[in-house]
Amino acid sequence: MQTTATMTGDDRQQAFAALLLRHAGIVFKVANTYARLAEDRADLAQEIAAQLWRAWPKYDPARSASTWMYRVALNVAISHVREQSVRQRHDAVPLDDDLHDMADSSATDHENENHLRLLQAFIARQPPLDRALLLLYLEERPQREIAEILGITESNVSTKIGRLKQRIRDEL
Amino acid sequence: MTTMDTHMELDDFKAAWQTLDARLARQDALQLELLRGQKQAQARRHLRPLLFGMALQALLGLGLVLLGVGCWRNNLDVPGLLAAGIALHAFGVLHIAFAGIVTGLALSLDYAAPVLSIQKRLRLLLRIQVLNSNVCGAPWWVLWVLVVIGFAGLSPANLPGATPTWIWISLAIGIAGTLATWWWSARGTRGPRDPLARMDDGADGIRRTLRVIDDLERFERE
């Protein structure tokens, strides 16, 4: 297996920086999904980047970079949520304050804004593993890739997405 | 929030998600700064206290083995000191073994593995940590007495004939304390919904472990 471990130090660092830049969105979306406060989000994004760097020598460039990044980012984020046990109890609180922080002053689409609030609140209520599934579904990752990231079968992914849809209908 | 009567489907969420995505993208330039620097230093931040603790536990275990061996080898014909020496030796081996297992598991965590398999690995690590605290931590109620006896057993010529009363009293208190600690710990494992389990925060680590296990088992089952 050809991995990044065979690169020289500088090449490896540059290749990592380029990959991180190209897929930074994955890090921020995962951090945003699992951390409620801006400060926590920043910590989590840094923690994910640190673990990506640590896992980088074993990365096989022949395989999908996004799958690899999702796996590392989600594993770090799920562990992060579990470490924050006290805050986790408050995660069920809607993310109104953060939404205000992030709100675009030019946004006039109230329905979309409402949907966004509902989405944030729904995400916050989900257990960590379901959040991972929801995030990957919303990112429109193929079921095969979701299965590969989570370590479950494709049919299981399909079943779980069906249940997730039902839960949304029941709760919203 | 709950008073909103907007009816949504999962696919409606996708439009909202795109809005969020666009907002995050606009912040990328600022956020990218977050990802620079301190990468390697931070990578093992969470692991370091655990590994340091396990190294100390292994050293303590080695000390207990040396003390235990010294005690039982010098007192093969004194049943009480022989038993204390063997107990110290055994606890020393347990301390080293658990430290080795926890360290091995923690170091072999590969965050690039599939989510479910790495979470199962973490569940195993948490279970072993709980077991470690019950097997190597709680018995220190008694172990400190055995350590005193062990040191005394290294020079048996200076020992008094009969076992001092304070040792019997300390052993009795220690055994009661160990049993009470185990009971307290078991009470915590009844789960977060148990009213008794919410009485203190001392068992929070155990409750957190249970949440991990519950969540993982539910996700696999559904």
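Structure shown above.
Calculation notes
- Residues numbered from 1 in each chain as written.
- Chains lettered and ligands numbered in written order.
- Predicted model: local features only at pLDDT ≥ 70, side-chain atom pairs only at ≥ 80, totals over all residues.
- Heavy atoms only, no water.
- 1 Å grid on protein atoms, 1.4 Å probe; cavity = no way out; pocket = protein on both sides within 12 Å on 5 of 7 lines; lining within 4 Å.
- Points joined across faces, edges and corners; volume = space filled by probe spheres on them.
- Helix = DSSP H or I, 4+ residues; strand = E, 2+ residues; numbered from the N terminus.
- Nonpolar A, V, L, I, M, F, W, Y, C, P; charged D, E, K, R; others polar.
- Buried < 20%, exposed > 50% of the residue type's maximum accessible area, 1.4 Å probe, protein only.
- Contact = heavy atoms within 4.5 Å.
- Core = buried A, V, L, I, M, F, W, Y, C linked by side-chain atoms within 4.5 Å.

Participant: With reference to specific residues and values, describe empty space enclosed by the protein.
Facilitator: Counting across every chain of the model gives two cavities of 30 Å³ or more. If you list the elements that add at least two residues to the lining of the second largest cavity, you get helix H8 (128–138) and helix H10 (154–171) of chain A together with helix H9 (204–221) of chain B. Considering every element that reaches the lining of the second largest cavity, the biggest residue donor is H10 of chain A, with four residues. Taken together, the residues of the lining of the second largest cavity sort by class into three nonpolar, no polar and six charged.

Participant: Could you give an account of the environment of leucine 122 of chain B, with specific residues and numbers?
Facilitator: Topologically, leucine 122 of chain B is positioned in helix H6 (residues 115–137). By relative accessible area, which is 15% here, leucine 122 of chain B ends up buried. Beyond its immediate stretch of four places on either side in the chain, leucine 122 of chain B contacts Ser79 of chain A together with Leu109 of chain B.

Participant: Would you mind going over the side chain of serine 79 of chain A in detail, with residue names and values included?
Facilitator: By the secondary structure assignment, serine 79 of chain A is in helix H4 (residues 65–83). Leaving out residues up to four positions away in the same chain, serine 79 of chain A has contacts with Tyr111, Gln119 and Leu122 of chain B.

Participant: With reference to specific residues and values, describe the nonpolar core.
Facilitator: Grouped together as the largest cluster of nonpolar side chains are 80 residues, with contacts concentrated most on Val30, Tyr34, Leu52, Trp68, Leu74 and Leu150 of chain A. A per-element tally of this core places H4 of chain A first, with 11 residues. If we ignore the near neighbours within four places in the chain, the residues touching leucine 52 of chain A are Phe16, Leu20, Val27, Trp68, Met69 and Val72 of chain A. Leu64, Leu81, Ala84 and Leu88 of chain B belong to the second largest nonpolar core, which has 14 residues in total.

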